[in-house]
Amino acid sequence: MICTIKQSTLASCVHGLGSNSILQRRTPCPIRRSFFTPPLEAQSVSKTLLAASKPLHVSSIEGLGSIRPLKSVIKCKAYEADRSPPVEAPDAKLEAAKRVKIGIYFATWWALNVVFNIYNKKVLNAYPYPWLTSTLSLACGSLMMLISWATGIAQAPKTDFEFWKTLFPVAVAHTIGHVAATVSMSKVAVSFTHIIKSGEPAFSVLVSRFLLGETFPAAVYLSLIPIIGGCALAAVTELNFNMTGFMGAMISNLAFVFRNIFSKRGMKGKSVSGMNYYACLSMLSLLILTPFAIAVEGPQMWTAGWEKAISQIGPQFIWWVAAQSVFYHLYNQVSYMSLDEISPLTFSIGNTMKRISVIVSSIIIFHTPVRPINALGAAIAILGTFLYSQAKQ
């Protein structure tokens, strides 16, 4: 409500006295009325105001100064105590925009991962040199990020010796996991590799429990039963089972568990974005992997295999190699960027859904023969992974 008191009314009561006299006067004086309102005594007005059941709070006063008849007006704005302006709720549009952003991250992550696995398997079928293929993937990503930093597309991170020191064990584990997974896919179907890799939570719990001394709720341990059982069922019933491919996927699981442990311990307090963190990780892994790739396979094998692949596939083989290298970096980069926006639990669920999309798409594209019992094992393992992510919440 707004109440307005004309100074001319007050002035007529004191007849020329100063403002101090007004404050000291105790006897009521009549208030001038208009032609449409009956005369009211100032005392009755005061009583009416004092009899209000709800207190008034002054929000602003305009024109308060020395009292001059018939000129200035005192405006007193007030509101009732229980009708104060409501507190604004959080903007729903911002929350909706965040959800859309996360959805775009997930869709992009899954799509890039599917494309990478398709081109990677095509390259390995025609050019079975996983050590060189892994090296090219890291080299391509490192080159892309160096160009991005040089041109200002992405801001270069501020790093020091301590940063690279803590990153080194992470890079070693990442290199082992990357090569092992590529070796696995060069020997077995893409779907089988990812079914075995869905057992990574089991390795995470076992390593954390027996090496780090961490404990977990009973639900977490129970969720490992379908994971281990599903992976075992899928492995036993795999039509094109290969021990090298199986062990490669298992080693990759173990290596990525240690990568995550080293990353959590070493990167606490480091202000590096997810995109730049993975870029630095790729560069350091490239330096570690290159001499081993040369020692294991070597330029002579690479040259002979390259000529054979070009003669059988044609120039499009070059596109396959470039595509698998580019998409490998992009899908990993998006996954690390998504970690800046979502919780580890949401990321774990997204990773489970990613494996489902890769398994299904690879079976369709490569016409991989799958028996019902094999599909059941894959479904049980993936379900166990989902239950594990829920139990760790």
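See above for the structure.
The sections below set out a description of the structure shown in this document. As the structure is a computational prediction, the values presented were derived from the model and not from experiment. Numbering of residues begins from 1 in every chain and follows the order in which that chain's sequence is written. pLDDT decides what is reported in this predicted model: residues at 70 or higher carry local features, side-chain atom pairs at 80 or more are listed and counted, and totals for whole chains, interfaces and linings draw on all residues regardless. Heavy atoms throughout the structure, all of them, feed into the side-chain values; hydrogens and water do not.

**Quick notes on helix α9 (residues 218-236)**
Put simply, DSSP marks the helices as runs of H or I at least four residues long and the strands as runs of E at least two long, and each gets a number from the N terminus on. In this analysis, the expected span of each helix is defined as 1.5 Å times one less than the number of residues it contains. With 19 residues, α9 extends 28 Å from end C-alpha to end C-alpha; this agrees with the ideal 27 Å at 1.5 Å per step. Burial classes follow relative accessibility: with a 1.4 Å probe on protein chains only, a residue under 20% of its type's maximum area counts as buried, one over 50% as exposed, and anything between as partly exposed. Looking at α9, one finds that the buried residues are Val-220, Ser-223, Leu-224, Ile-227, Gly-230, Cys-231, Ala-234 and Ala-235. All buried residues of α9 fall inside an arc of 140 degrees around its axis, so they share one side. Exposed and oriented more than 90 degrees from the buried face of α9 are Ala-218, Leu-222, Ile-225 and Val-236. Along the arc lie the directions from the helix axis toward the C-beta atoms.

**Some points on empty space enclosed by the protein**
By rolling a water-sized probe across the atoms, one finds the places where empty space is left. Buriedness of a pocket was judged along seven lines, with at least five required to meet protein on both sides within 12 Å; pockets are open sets of points on a 1 Å grid over the protein atoms alone, cavities are sets where a 1.4 Å probe fits but cannot get out, and lining residues have an atom within 4 Å of a point. Grid points are joined across faces, edges and corners, and a volume is the space filled by probe spheres set on the points. Counted according to the given criterion, the structure contains 1 cavity of 30 Å³ or more. Breaking the lining of the largest cavity down by element, the ones donating at least two residues are α5 (130-151) and α13 (316-338). Here the term charged refers only to Asp, Glu, Lys and Arg, the term nonpolar to Ala, Val, Leu, Ile, Met, Phe, Trp, Tyr, Cys and Pro, and the term polar to all other amino acids, Gly among them. Split by residue class, the lining of the largest cavity holds 5 nonpolar, 2 polar and no charged.

**Description of the nonpolar core**
One broad trend across soluble globular proteins is that nonpolar side chains are buried collectively. Buried residues of nine kinds, namely Ala, Val, Leu, Ile, Met, Phe, Trp, Tyr and Cys, make up a nonpolar core once their side-chain atoms join them within 4.5 Å. Core analysis: the biggest nonpolar cluster contains 32 residues, and Trp-109, Trp-149, Leu-167, Tyr-277, Leu-281, Tyr-328 and Tyr-331 have the highest contact counts within it. Of all the elements in the fold, those that place two or more residues in this core are α4 (92-126), α5, α6 (161-187), α11 (274-296) and α13. By residue number, the principal contributor to this core is α11, which donates 10 residues. Any two residues whose heavy atoms approach within 4.5 Å are treated as being in contact. Leave out the neighbours within four places in its chain, and Trp-149 touches Ala-154, Gln-155, Ala-156, Pro-157, Asn-276, Ala-279, Cys-280 and Met-283.

**Overview of the side chain of Ser-252**
Along the chain, the position of Ser-252 falls in helix α10 (residues 243-266). Take Ser-252: its relative accessible area is 0%, and that puts it in the buried class.

**Brief notes about unusual backbone geometry**
Phi at His-367 takes a positive value of approximately 55 degrees, unusual for a residue other than glycine. Looking at the element boundaries, His-367 is found in the loop between α14 (344-366) and α15 (372-391).

**Focus: α6**
If you check α6, its first and last C-alpha atoms are 39 Å apart, about what 27 residues at 1.5 Å a residue would give, namely 39 Å. Across the chain, bend at a residue is computed as the angle between axes fitted to the seven residues ending at that point and the seven starting from it. At Phe-168, α6 shows its maximal kink, close to 35 degrees; a proline, Pro-169, follows between one and four residues later.

**Thoughts on the packing of aromatic side chains**
Here a ring pair, both rings aromatic, is described through the centre-centre distance and the interplanar angle of the planes. Two rings from Phe, Tyr or Trp (for Trp, the six-membered ring) form a pair when their centres are within 6.5 Å of each other. A pair whose planes differ by under 30 degrees is stacked, one over 60 is edge-to-face, and the rest are tilted. Applying the stated rule across the entire model yields 17 aromatic pairs. Taken together, the ring pairs in this structure connect Tyr-127, Tyr-129, Trp-306 and Phe-317 into an aromatic cluster.

**Description of the packing of helix α12 (residues 299-313) against α13**
Angles shown run from 0 to 180 degrees and are taken between the N-to-C directions of axes, each axis being a line fitted to C-alpha atoms and, for helices, limited to the stretch in contact. In the contact formed by α12 and α13, the axes pass within 8 Å of each other and the chain directions differ by 120 degrees. Only Gln-316, Phe-317, Ile-318, Trp-320 and Val-321 of α13 make contact with α12, whose side of the interface consists of Trp-306, Ala-309, Ile-310 and Ile-313.

**Some points on the environment of Leu-222**
Mapped onto the secondary structure, Leu-222 falls in helix α9. On the accessibility criterion, Leu-222 (55% relative accessible area) is exposed. Sequence separation between Leu-222 and Ala-391 is 169 residues, and the spatial gap between their C-alpha atoms is 9.2 Å.

**Quick word on the environment of Gly-177**
Looking at the element boundaries, Gly-177 is found in helix α6. The exposure class of Gly-177 is buried, given its relative accessible area of 0%. Every residue in contact with Gly-177, bar those within four places of it in the chain, is listed here: Ser-252, Ala-255 and Phe-256.

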